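# Examining the three-dimensional arrangement
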Amino acid sequence: SMTNRKKLIIDTDCGSDDAMAIAMALRDPRYEILCFTIVAGNVDARQAASNTLATIERAGSYEPPVYIGAEQMLLKELAFAYETHGMEGMGDLGIRPERLSPAKGHGVLKLLEILRESQEGEIDLITLGPLTNLALAIRLEPETVRRAGRIVMMGSAGMGGGNVTATAEFNIWQDGEAAKIVLESGLQNMMLVGWDACLGDCMLNEREFGRLRDSGDLGRFTVDINGALMELNRQRFGEDCLDMADPAAMAAALCPECVREVGEYYCEVDTSCGPGYGTVLVDRYGFSGKAPNVSVCSGLWPQRYKDYIFQTLGSCGKR
């Protein structure tokens, strides 16, 4: 039954790796997703909503409502990730929802409404895109956002280099000002899952995405939509592999035994107009003398993480 499941709200700018993460969450019987809130990022917000709805249909479990939130970043011009996920964000396979459409209401206001009516700590938040919606919610009603349990965010380069500039990771860089608001909010129980958490042995290799494709319709869908990313990685890493940042963050949030490296640090976001914009500065050695404000996950156990992907997305992923 749904009653004893942990409740979640997932905020996403749904591109191809978000879709994989969303399907994983929808098919984990320990959780109930109350709604999805949409933010612009990989693609514009309308397209991200369409991609989320199409993913919900294909996951074949239950169908939470999808609310469109921020369609612009706080201050910065949007720079979509077309080269990573294709023009439509899902590898340009012409994927559309067949039945579902976005629910009425603004994502940020819905998030606050649901939290307001919840018990303290009852609902965890997971963000897979820029932090614009969360920043707006904090600015509007900080006390309401404090009702959330854990807040797990795919964001930052962790302890490594960036994937959009030398030091910045895309989600944070896309709206550095929003990330700054979130990290300076004083919220407890926040965790950043860095891009480095999905690299190295945690990347899916050819054999593994072959196995996922062969596991059934959902597995095939989650691999096929990542074709543009696969192409990019062939140039970037010299081999066929998938760095699945959002699935790594989802695994860290929903299956904590996947987490290998995590520490609490004082972190701040560089919002200066220069090459460091959007970088999360992780004070590893306590130079600032400031108390930690966020946990940073920079590594997963590769086998546990991959097992969790196969378990939720493969045909054996039962609800």
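See the structure above.
Report follows, based on the coordinates. (Residues numbered from 1 in each chain as written. Predicted model: local features only at pLDDT ≥ 70, side-chain atom pairs only at ≥ 80, totals over all residues. Heavy atoms only, no water.)

### Let's talk about the packing of helix α1 (residues 16-26) against helix α12 (residues 245-254)
Put simply, the test is: Here, axes are lines fitted to C-alpha atoms. For helices the fit covers the stretch in contact, and angles between N-to-C directions go from 0 to 180 degrees. The helix count covers DSSP runs of H or I at least four residues long, the strand count covers runs of E at least two residues long, and both are numbered beginning at the N terminus. Throughout this description, any angle smaller than 35 degrees is read as roughly parallel, any larger than 145 degrees as roughly antiparallel, any in the 65 to 115 degree range as roughly perpendicular, and the remainder as oblique. Crossing chirality is assigned from the near helix's rotation relative to the far helix, an anticlockwise turn below a right angle marking it left-handed and a clockwise turn marking it right-handed. Should any heavy atoms of two residues lie within 4.5 Å, those residues are counted as being in contact. Residues are sorted three ways: Asp, Glu, Lys and Arg are charged, Ala, Val, Leu, Ile, Met, Phe, Trp, Tyr, Cys and Pro are nonpolar, and all the rest, Gly among them, are polar.
In contact at an axis separation of 7 Å, α1 and α12 are set at 25 degrees when each is read in the N-to-C sense. On the basis of their axis angle, the class for α1 and α12 is roughly parallel. Where α1 crosses over α12, the two elements pack in a sense that is right-handed. In contact with Asp17, Asp18, Met20, Ala21, Met24 and Ala25 of α1, α12 contributes Ala245, Asp246, Pro247, Met250, Ala251 and Leu254. When its residues are assigned to classes, the contact of α1 with α12 shows nine nonpolar, no polar and three charged.

### Concerning the environment of leucine 218
Our working definition: Summary of the burial criterion: residues with accessible area below 20% of their type's maximum are buried, those above 50% are exposed, and those between are partly exposed, where the area comes from a 1.4 Å probe applied to protein chains only.
If you trace the backbone, leucine 218 turns up in helix α10 (residues 217-224). Among the residues examined, leucine 218 registers a relative accessible area of 7% and is labelled buried. Residue contacts for leucine 218: discarding those within four places in its chain leaves Ala23, Arg27, Arg58, Ala59 and Leu313.

### Details of the pattern of salt bridges
Applicable threshold: We count a salt bridge whenever a side-chain nitrogen from Lys or Arg sits within 4 Å of a carboxyl oxygen from Asp or Glu.
Under the criterion given, the structure shown has 19 salt bridges. One salt bridge connects aspartate 124 with lysine 6, and the closest N-O pair in it is separated by 3.6 Å. You can see aspartate 124 sitting in strand β4 (residues 123-127) and its partner lysine 6 sitting in strand β1 (residues 6-12), a full 118 residues away along the chain. The class for lysine 6 is partly exposed, based on a relative accessible area of 27%. The salt bridge involving arginine 46 is made with glutamate 71; its shortest N-O contact spans 3.0 Å. Remark: glutamate 71 occurs in the loop between β3 (66-68) and α3 (82-85) and arginine 46 occurs in helix α2 (residues 45-59); sequence separation between them is 25 residues. Judged by relative accessible area, which is 37%, glutamate 71 ranks as partly exposed.

### Some thoughts on the layout of surface pockets
For clarity, the cut-off: Within this scheme a cavity is a closed region of a 1 Å grid, computed over the protein atoms alone, that accommodates a 1.4 Å probe without allowing it to escape, whereas a pocket is open but has protein on both sides within 12 Å along at least five of seven lines; lining residues each have an atom within 4 Å of a point. Grid points are joined across faces, edges and corners, and a volume is the space filled by probe spheres set on the points.
Of the pockets and cavities examined, the largest pocket occupies roughly 340 Å³. Lining of the largest pocket is provided by 25 residues; of these, Asn42, Thr84, His85, Asn163 and Phe170 occupy positions nearest its centre. Sorting the residues of the lining of the largest pocket by element identifies α1, α3, α7 (170-174), α11 (227-237) and α12 as the ones contributing at least two each. Partitioned by chemical class, the residues of the lining of the largest pocket number twelve nonpolar, five polar and eight charged. Taken as a whole, the second largest pocket spans an internal volume of roughly 220 Å³. Lining the second largest pocket are 14 residues, and of these Gln188, Asn189, Met190, Glu264 and Ser295 sit closest to its centre. Contributions of two or more residues to the lining of the second largest pocket are made by β5 (151-154), β6 (190-193) and β11 (294-300). Here the lining of the second largest pocket is composed, by residue class, of seven nonpolar, five polar and two charged.

### A word on the packing of aromatic side chains
Aromatic rings considered in pairs are described by the distance between their centres and by the relative angle of their planes. The test is simple: Working definition: a ring pair exists when centres of Phe, Tyr or Trp rings (six-membered ring for Trp) sit within 6.5 Å. Plane angles under 30 degrees give stacked, over 60 give edge-to-face, the rest tilted. In this scheme, the term charge over a ring applies when either NZ of a lysine or CZ of an arginine sits within 6 Å of the ring centre and within 35 degrees of the ring normal.
A complete count under the given rule lists three aromatic pairs for this structure. Where phenylalanine 80 meets tyrosine 82, the ring centres are 5.4 Å apart and the plane angle is 40 degrees; that geometry is what we call tilted. An angle of 40 degrees between the planes, with centres 6.1 Å apart, marks the rings of phenylalanine 170 and tryptophan 173 as tilted. In this pair, phenylalanine 170 and tryptophan 173 are both assigned in helix α7, three residues apart and thus about one turn of the helix distant. Cation over ring: lysine 76 sits above tryptophan 173, and NZ or CZ is 3.6 Å from the ring centre.

### Describing the side chain of threonine 37
Inclusion rule: Think of a polar contact as two N or O atoms within 3.5 Å of one another; within protein, one of them needs to be a possible hydrogen donor and the other a possible acceptor, and neighboring residues in sequence only count if both atoms come from side chains.
Residue position: threonine 37 is located in strand β2 (residues 31-38). A relative accessible area of 2% means that threonine 37 is categorised as buried. Side-chain polar atoms of threonine 37 contact the side chain of aspartate 11, separated by 2.6 Å. Excluding anything up to four places from it in sequence, threonine 37 contacts Ile9, Ile10, Asp11, Thr12, Tyr67, Gly107, Leu111 and Asn133.

### Concerning the packing of helix α4 (residues 107-116) against helix α5 (residues 132-140)
Relative orientation of the contacting elements α4 and α5 amounts to 60 degrees, with a least axis distance of 9 Å. Of the possible angle classes, the one that applies to α4 and α5 is oblique. The two elements α4 and α5 cross, and the hand of that crossing is right-handed. Contacts between α4 and α5 involve Val108, Leu109, Leu111 and Leu112 on the former and, on the latter, Asn133, Leu136, Ala137 and Leu140.

### What about the side chain of glutamate 169?
Just so we agree on the cut-off: Think of it this way: Lys and Arg go in the positive column, Asp and Glu in the negative one, and His and the chain ends go nowhere.
With respect to the helices and strands, glutamate 169 occurs in the loop between β5 and α7. Here glutamate 169 sits buried without a salt bridge, and the closest side chain of opposite charge, arginine 236, lies 10 Å off (N-O distance). At a separation of 3.2 Å, a polar atom in the side chain of glutamate 169 contacts the main-chain amide nitrogen of isoleucine 172. Ignoring any residue separated from it by four or fewer positions in sequence, one finds glutamate 169 in contact with Met154, Gly155, Ser156, Ala157, Gly162, Asn163, Val164, Trp195 and Gly278.

### Some points on the environment of proline 256
Checked against the element boundaries, proline 256 lands in the loop between α12 and β9 (259-269). On a C-alpha basis, the gap between proline 256 and glutamate 117 in space is 27 Å, while along the polypeptide they are 139 residues apart.

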